[in-house]
Amino acid sequence: MASDTINIYKPLRATLEEVIEESPLIKTFVLIPDEEFVFKTGEFIELAVDGVGEAPFTPSSSPLVTDRLEVTVMKTGYVTRIMHELKPGAVMGIRGPYGRGYPISEFKGKEVLILGGGCGLAPIRSLLFTLEHMKDDLEKVILCYGSKTPADCIYKPLFSRLNSIDKFEAHRTVDVTDDDWDGPVGVATALLDQISVKIENSVAVVCGPPIMMKFGTIRLLEMGYRDDQIYLSMEKNMSCGLGKCGHCMMGEFFVCKDGPVFTYREIKHNPEIWK
Amino acid sequence: MYYISIKKEDWHRSLENLLTSHDIFVPVKDEFSLDYEPFRLSQAENIAYNTPKPATPLKNFFLPVRENVTSVRNNGRSRIIIGAPNCDVVALGLLDEIYLDEAFTDPFYRNRRMNTILISSDCFSVNDHCHCTSYGVKPYTMEGADMALLSEGDYIFLRVISDKGEELVRQLLFAAGVSDPERLLFAGQRHSETEALLAELNRGLPDYQATGEIVQRAGGNIWVKYASKCVSCGACTTICPTCSCFLLIDKPDFEKVKQMDACQYPGFERVAGGEDALFELSHRFRNRYMCKYVWRPQKFNSLACTGCGRCIEACIGNINKNELFMELT
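It should be emphasised that the depicted structure is a prediction, and the values quoted were computed from it without experimental measurement.

Participant: Explain the overall build of chain A residue by residue, including any values.
Facilitator: Scanning chain A from terminus to terminus reveals six helices and 14 strands. For chain A, whose C-alpha radius of gyration is 18 Å, the value lies close to the compact-globule estimate of 19 Å for 275 residues. In terms of its C-alpha atoms, chain A occupies a principal-axis envelope of roughly 50 × 45 × 35 Å. Counting over 275 residues, chain A shows a buried share of 49%. At a minimum sequence separation of 6, the contacts of chain A that also span at least 24 residues come to 71%.

Okay, here's the thing in structure tokens:
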């Protein structure tokens, strides 16, 4: 039995190959793991800075690539602040993959609407790679994404590329404009008014800051989405990733093991999910 | 399942003999407390069998307060732990579900469980806050331990429950015979007496399921009221035989130290961006009750509170959870 020999707490080492500046606060870390690393889209990893700490991230790269891994990190707290100082050549630690990702097979034959905000585009990018790979089995993929300012938008080339792919469309908005921006201004949720989607044959994926997740979900319900058609990627303090340490409890769920992707139906009975 | 009997002095001499291959812990009573100590033949007369309850919850033998979980070490000698009350034995059920979970088995917990022979001890008396039977837990062990011990007069009776227990019987220095059922009549009587004491002590206390229902329904005021005496010291969770949350601390060379943690401490659920669902003390206070009586039961088969009452005894604010429940009833 594999569990007899595996130490669940021990990280796999990975060498930092490249650091890509995505926005003033967000960098993408390109990692070469010591061993092949296999994950499903939406699953997450614990990424460690040696001797400092580790934090949970959903890889932003394609699950089809197993010899390198991209992780997009916003400078937010203690660990990510130090992570942002790392230079290529640094050795990092990876534990995982953990949790329950997106139920991709259930998306077949459907229109997939993705609502994203801020750094929430990181896991979404990984999802988009997966959806692109299976686009023959999909009706349509619509991305609605909002960032605070045009400068805060990550993966800018992604949008024109998505719009060039058959069946894909991508929409962007910003909360606060600048001189170079001539697109929509407003929250990501407002983009939902511009799109055409057959709701009965659709699923919606929401990933972003808690406030956006909350109002995004409310708007999707108003549009006619059922609670089991809405997939939410929940963020909690996932520390061990193993369903043990308790830091990510959300009601009865260990978000790290039972999630991080939940349907709204699974969690709506808990009024504290948006906290 | 069967009983063996052995003269008390032969039992203790057998234990001494087993010290060559095992670490042995027994409940020892002194002027102030009752707690586990390493077995020494010279101290045998201070062993308090069938007495609730060691100050240290049984979990501490399997989940150390702090340990390095990346360095590989010899797992050490086999252990015999004697004298755990059944509330603590039943509490291991939840820890097993979490730490022996097939997807992610904790190798350190598993090794300790495998290396341990657990001899529980039936309770022949009760403490002020014992309330196991209110939650369906018996004050004696019929499963979950390797043996259960009953001390009567000059004899020790051992209820042999598991294969590991049977194996230990074979290792006893002095031949211990299968006991005549007639000699065990006292056991049933003791059990009934203890259960009657518990029923009297806890009259009106809601059962486990009913407690979950009233906790879930309770409005914010009751939590604010009781939390006003809470200082977030975490004594209740430290002493709880089922609380097992922890923190992983990173050390150089990707080593990790696992340290017991608790939802009662500020910042337990705080995320990097600053959001903290348990920022308010009363929310943290309520969280422990929701966890034990509402959320864990939704997710696990084992009890998350076995009625040991240690959290009541340990609270420096004199918060009595059972008074809270009675107020809600």
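Now, onward.
Participant: Can you break down the overall build of chain B residue by residue, with the values?
Facilitator: Helices and strands together make up the secondary structure of chain B, namely 11 helices and 11 strands. Computed over its C-alpha atoms, the radius of gyration of chain B comes to 21 Å, within 12% of the 20 Å expected for a compact globule of 329 residues. Considering only C-alpha atoms, chain B reaches an extent of 65 × 55 × 40 Å along its principal axes. Going through the 329 residues of chain B one by one, you find that 43% of them count as buried. Excluding contacts between residues fewer than 6 apart, the proportion of contacts in chain B whose partners are at least 24 apart in sequence is 74%.

Participant: Tell me what's going on with unusual backbone geometry, and back it up with residues and numbers.
Facilitator: All names here are of chain A. That bond from glycine 96 to proline 97 is cis: its omega, 0 degrees, falls within 30 degrees of zero. Turning to its location among the elements, proline 97 is positioned in strand β6 (residues 91-98). Put simply, glycine 259 and proline 260 share a cis peptide bond, and its omega is 10 degrees. Positive phi values are uncommon outside glycine, yet tyrosine 155 reaches one of about 50 degrees. Along the chain, the position of tyrosine 155 falls in the loop between β8 (140-147) and α3 (156-164).

Participant: Could you give me a rundown of the confidence of the model for chain B, with the residues and numbers involved?
Facilitator: In the predicted model, chain B carries a mean pLDDT of 95, and the fraction of residues at 70 or more is 99%. Overall fold confidence for the complex sits at a pTM of 0.94, while the interface term, ipTM, reaches 0.92.

Participant: How would you summarise the pairing of strand β9 (residues 168-174) of chain A if you had to cite specific residues and measurements?
Facilitator: Where β8 of chain A and β9 of chain A come together, seven bridges link them in parallel fashion. Bridge pairing in β9 of chain A links leucine 143 of chain A to alanine 170 of chain A.

Participant: Account for the domain arrangement of chain B, naming residues and giving values.
Facilitator: Residues and elements named next belong to chain B. Partitioning chain B into structural domains gives domain 1 (2-201) and domain 2 (208-328). For domain 1 versus domain 2, the separation of C-alpha centres amounts to 27 Å. Top contributing element to the side of domain 1 that touches domain 2 by residue count: helix α2 (residues 86-99), with nine residues. Here the residues of the side of domain 1 that touches domain 2 sort into 15 nonpolar, nine polar and six charged.

Participant: Explain the sheet that holds strand β8 (residues 155-160) of chain B to me, and be specific about the residues and the numbers.
Facilitator: Taking strand neighbours across the sheet as the criterion, the eight strands line up as β3-β2-β5-β6-β7-β8-β1-β9 (chain B) in an open arrangement whose pairing is mixed. Sheet topology places β3 (34-38) and β9 (177-178) of chain B at the edges, where each strand pairs with a single neighbour.

Participant: Account for the domain arrangement of chain A, with residues named and values stated.
Facilitator: All names here are of chain A. Per the domain assignment, the segments making up chain A are domain 1 (2-98) and domain 2 (104-233). Its C-alpha centre places domain 1 at a distance of 24 Å from the equivalent point of domain 2. Each partner contributes residues to the interface: domain 1 has 15 residues there, and domain 2 has 16 residues. Every element with two or more residues in the side of domain 1 that touches domain 2 is listed here: β1 (12-23) and β5 (69-74). Partitioning the side of domain 1 that touches domain 2 into residue classes produces six nonpolar, eight polar and one charged.

Participant: Describe the nonpolar core, listing the residues and the values that go with them.
Facilitator: Of all hydrophobic cores here, the largest spans 157 residues; its most connected members are Ile114, Cys144, Ala204, Val205, Val206 and Tyr231 of chain A together with Ile119 of chain B. The greatest single-element share of this core, amounting to nine residues, is contributed by α2 of chain B. Not counting residues up to four positions away in its chain, the partners in contact with isoleucine 119 of chain B are Ile80, Ile81, Ile82, Ala145, Asp146, Met147 and Leu149 of chain B. Formed by seven residues, the second largest nonpolar core is a distinct cluster that contains Leu205, Tyr226, Cys230 and Leu324 of chain B.

Participant: Give a description of the interface of chain A and chain B that names residues and reports values.
Facilitator: Size of an interface, as often reported, equals the accessible area lost when the parts are brought together. Across the boundary between the two partners, chain A contributes 33 residues, which contact 32 residues of chain B. Here the residues of the side of chain A that touches chain B are counted per class, giving 10 nonpolar, 14 polar and nine charged.

Participant: Got a sec to walk through the sheet that holds β6 of chain A? Specific residues and values, please.
Facilitator: All names here are of chain A. Pairing is antiparallel across the open sheet formed by six strands, whose spatial order is β4-β3-β6-β1-β2-β5. Every interior strand has two partners, whereas the edge strands, β4 (53-57) and β5, have only one. Ignoring which end each strand starts from, the neighbouring axes of this sheet average 35 degrees apart. Bridge count between strand β2 (residues 26-33) and β5: six bridges; the pairing is antiparallel. If you follow phenylalanine 29 over to β5, its bridge partner there is valine 71.

What counts and how
Along each chain, numbering runs from 1 in the same order as the chain's sequence is written. Each chain gets a letter, beginning with A, and each ligand a number, beginning with 1, in the order they are written. The predicted origin of the model limits local features to residues at a pLDDT of at least 70 and limits the giving and counting of side-chain atom pairs to 80 or more, whereas totals for whole chains, interfaces and linings rest on all residues. Counting from the N terminus, the helices are DSSP H or I runs at least four residues long and the strands are E runs at least two residues long. Within these notes, the globule rule equals 2.2 Å times the number of residues to the 0.38 power, and the radius of gyration is based on C-alpha atoms. Exposed residues have 12 or fewer other C-beta atoms within 10 Å of their own C-beta, buried residues have 20 or more, and partly exposed residues fall in between, where C-beta atoms are placed from the backbone. Here contacts are defined at the residue level, using C-beta atoms placed from the backbone and a cut-off of 7 Å between them. pLDDT measures how confident the predictor is about each residue, on a scale from 0 to 100. A pair of strands is considered paired only if DSSP assigns at least 2 bridges between the two. Domain ranges listed in this record stem from an automatic or a database domain assignment. Each residue gets one label: Ala, Val, Leu, Ile, Met, Phe, Trp, Tyr, Cys and Pro are nonpolar, Asp, Glu, Lys and Arg are charged, and the others, such as Gly, are polar. For this analysis, nonpolar core means a set of buried Ala, Val, Leu, Ile, Met, Phe, Trp, Tyr and Cys residues linked through C-beta atoms within 7 Å. The convention used is that axes are lines fitted to C-alpha atoms, helices contributing only their stretch in contact, and that angles between N-to-C directions extend from 0 to 180 degrees.

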